[in-house]
Amino acid sequence: MPISVLIVDDSAVVRQVLTEELGREPDIKVIGAAADPIFAQERMKLQWPDVIILDIEMPRMDGLTFLRQLMAERPTPVVICSSLTEKGAKITMEALSLGALGIITKPSIGVRNFLQDSSADLLVAIRAAYAATGRLRLLRPQASRPDPAAAPAPARAPSSPPLARPASGLSFVAEKIQSPKLSADAILAAPSGNGSLAITERIVVLGISTGGVQALEELLPRLSAACPALAIVQHMPEKFTATFAQRLHNLSRIEVKEAENNDRMMRGRALIAPGGKHLLVKRAPSHYYVEVVDGPLVSRHRPSVDVLFRSAAKCAGRNALGVIMTGMGDDGARGLLEMHDSGAATIAQDEASCIVFGMPKEAIRLGAADTVASLQDIPGLIERSNSR
């Protein structure tokens, strides 16, 4: 049966274009297009969709209110159709925290052409969201999470202000079906041996995609201020990673920030790869730091987990811990295998706690994971990696 999709957007142009673009796909069927959530609720009484494409700002009921009700009453895969404004990024991050599984970004002008050009991203986002059907129960209720507006926890360094970045049309999953699927060779050469590792400090590199917002909101607040340094790739567009990093910073005892070039990796700090850029770990004589670089899509992603993991395999080897978590596709699986072969410890999230068991499944299939662990157990394994 095709994936049934309901479009909820107050723009007639968006509804028309999305209906036309999705109508060309044999595995997708648009069952309705509503101008606001009230109309959508009436339509859903006739047939419940597999996936909902949801705007945020609409008349009569806003998208966040509708999403909150939906996830409380009957959790359903949702892809957000949002603008690229700073205000829009903050609201969209709230939607992802509530349980939405993807973002399709849209500009304020030229919407028709943009949506037509970005149809491949839209299709990947819908299919990734559909892959999570039946697993949304794993999302923790919003009420159980710490309030991001509450006073920050003690023993945490202040976060640096985010960099201003240009707008981008990448989707949340950022996978371009029409582009060639390049390996990490497009950014850096494969590992050829660790050489001398005079640094004894442990570092953690983590890759995650669909379902990652909720997973990281559970994982990072459980880490202590003495935890190993982390570098994280979360598949996410530009304009959203700075907001996401700040949100995680407010929830956690550690410092969380969007990575900038030459940021030092240190205990109690997590660096999030900027949307639209690759993140690499580098080694100085006495410490590790990160490099933020441009480049082509790798494994059809930018940032790519494979790039981050390969860089850790090359410069940190056995001093590193690699963690691959929930997400669609296979980005990071080969990179985790390279880390494993370089002597690093490696962890894959287990199927039971993944929203989408794609990336970890592929890593396990390749024999890249030393340990398969639940989301609940991963924070403890990260903390204990210092004692290796």
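Described in the following lines is the structure provided in the data block. (Residues numbered from 1 in each chain as written. Predicted model: local features only at pLDDT ≥ 70, side-chain atom pairs only at ≥ 80, totals over all residues. Heavy atoms only, no water.)

So, the pattern of salt bridges
Part 1 of the reasoning: Within this structure, the stated rule accounts for 18 salt bridges.
Part 2 of the reasoning: Between Glu25 and Arg127 there is a salt bridge, with the nearest N and O atoms lying 3.2 Å from each other. Here the residue Glu25 occupies a position in the loop between α1 (12–22) and β2 (28–34), and Arg127 occupies one in helix α6 (residues 119–130), the gap between them amounting to 102 residues.
Part 3 of the reasoning: For Arg127, a relative accessible area of 22% gives the class partly exposed.
Part 4 of the reasoning: Asp330 serves as the salt-bridge partner of Lys181, at 3.0 Å between the closest nitrogen and oxygen. Remark: Asp330 occurs in the loop between β12 (320–324) and α10 (333–341) and Lys181 occurs in the loop between α6 and β6 (203–208); sequence separation between them is 149 residues.
Part 5 of the reasoning: When salt bridges with common partners are traced through the structure, they connect Glu25, Asp27 and Arg127 into a single cluster. (Salt bridge = Lys/Arg side-chain N within 4 Å of Asp/Glu carboxyl O. Helix = DSSP H or I, 4+ residues; strand = E, 2+ residues; numbered from the N terminus. Buried < 20%, exposed > 50% of the residue type's maximum accessible area, 1.4 Å probe, protein only.)

Some words on the sheet that holds strand β4 (residues 78–83)
Part 1 of the reasoning: Spatially, five strands are ordered β2-β1-β3-β4-β5 in an open sheet, and the strand pairing comes out parallel. The two strands at the open ends of the sheet, each matched to only one other strand, are β2 and β5 (102–106). When strand polarity is set aside, the average angle formed by the axes of neighbouring strands in this sheet is 20°.
Part 2 of the reasoning: Bridging between strand β1 (residues 3–8) and strand β3 (residues 51–55) involves four bridges; their strand directions are parallel. Residue pairing for β3: Leu6 is matched across the bridge by Ile52. (Pairing = 2+ DSSP bridges. Axes fitted to C-alpha atoms, helices over the stretch in contact; angles between N-to-C directions.)

Comments concerning the sheet that holds strand β7 (residues 229–234)
Part 1 of the reasoning: Judged by pairing direction, the sheet is parallel, and its seven strands sit side by side in the order β8-β9-β7-β6-β12-β13-β14 without closing on themselves. Among the strands making up the open sheet, the edge pair consists of β8 (255–258) and β14 (371–373). The mean angle between the axes of side-by-side strands here comes to 20°, regardless of whether they run parallel or antiparallel.
Part 2 of the reasoning: In this sheet, strand β9 (residues 269–272) lies alongside β7 in parallel orientation, the contact comprising three bridges. Bridge pairing in β9 links Ala231 to Leu271.
Part 3 of the reasoning: Lying on the sheet, helix α8 (residues 241–251) is in contact with β7, β8 and β9; it crosses β8 at an angle near 175°.
Part 4 of the reasoning: Lying over the sheet, α10 contacts β6, β12 and β13 (345–349), oriented at roughly 155° with respect to β12. (Contact = heavy atoms within 4.5 Å.)

Thoughts on the packing of aromatic side chains
Part 1 of the reasoning: This structure, assessed with the given rule, holds zero aromatic pairs.
Part 2 of the reasoning: One cation-aromatic arrangement involves Arg60 over Phe39; the distance from NZ or CZ to the ring centre is 4.5 Å. (Phe/Tyr/Trp six-rings, centres within 6.5 Å; stacked < 30°, edge-to-face > 60°. Lys NZ or Arg CZ within 6 Å of the ring centre and 35° of its normal.)

Details of the side chain of Ser342
Part 1 of the reasoning: Looking at where Ser342 falls in the secondary structure, it is placed in the loop between α10 and β13.
Part 2 of the reasoning: According to the relative accessible area criterion, Ser342 is buried, its value standing at 12%.
Part 3 of the reasoning: From its side chain, Ser342 meets the backbone oxygen of Met339 in a polar contact 2.7 Å long. (Polar contact = N/O pair within 3.5 Å; in protein donor to acceptor, adjacent residues only side chain to side chain.)

Examining the environment of Leu216
Part 1 of the reasoning: Residue placement: Leu216 occurs in helix α7 (residues 212–219).
Part 2 of the reasoning: Taking relative accessible area as the criterion, Leu216 reaches 0% and is therefore assigned buried.
Part 3 of the reasoning: Sequence-wise, Leu216 and Leu248 are 32 residues apart; in three dimensions their C-alpha atoms are separated by 7.8 Å.
Part 4 of the reasoning: Those residues in contact with Leu216 that sit more than four places away from it in its chain are Leu206, Ile208, Pro221, Ile232, Gln234, Phe244 and Leu248.

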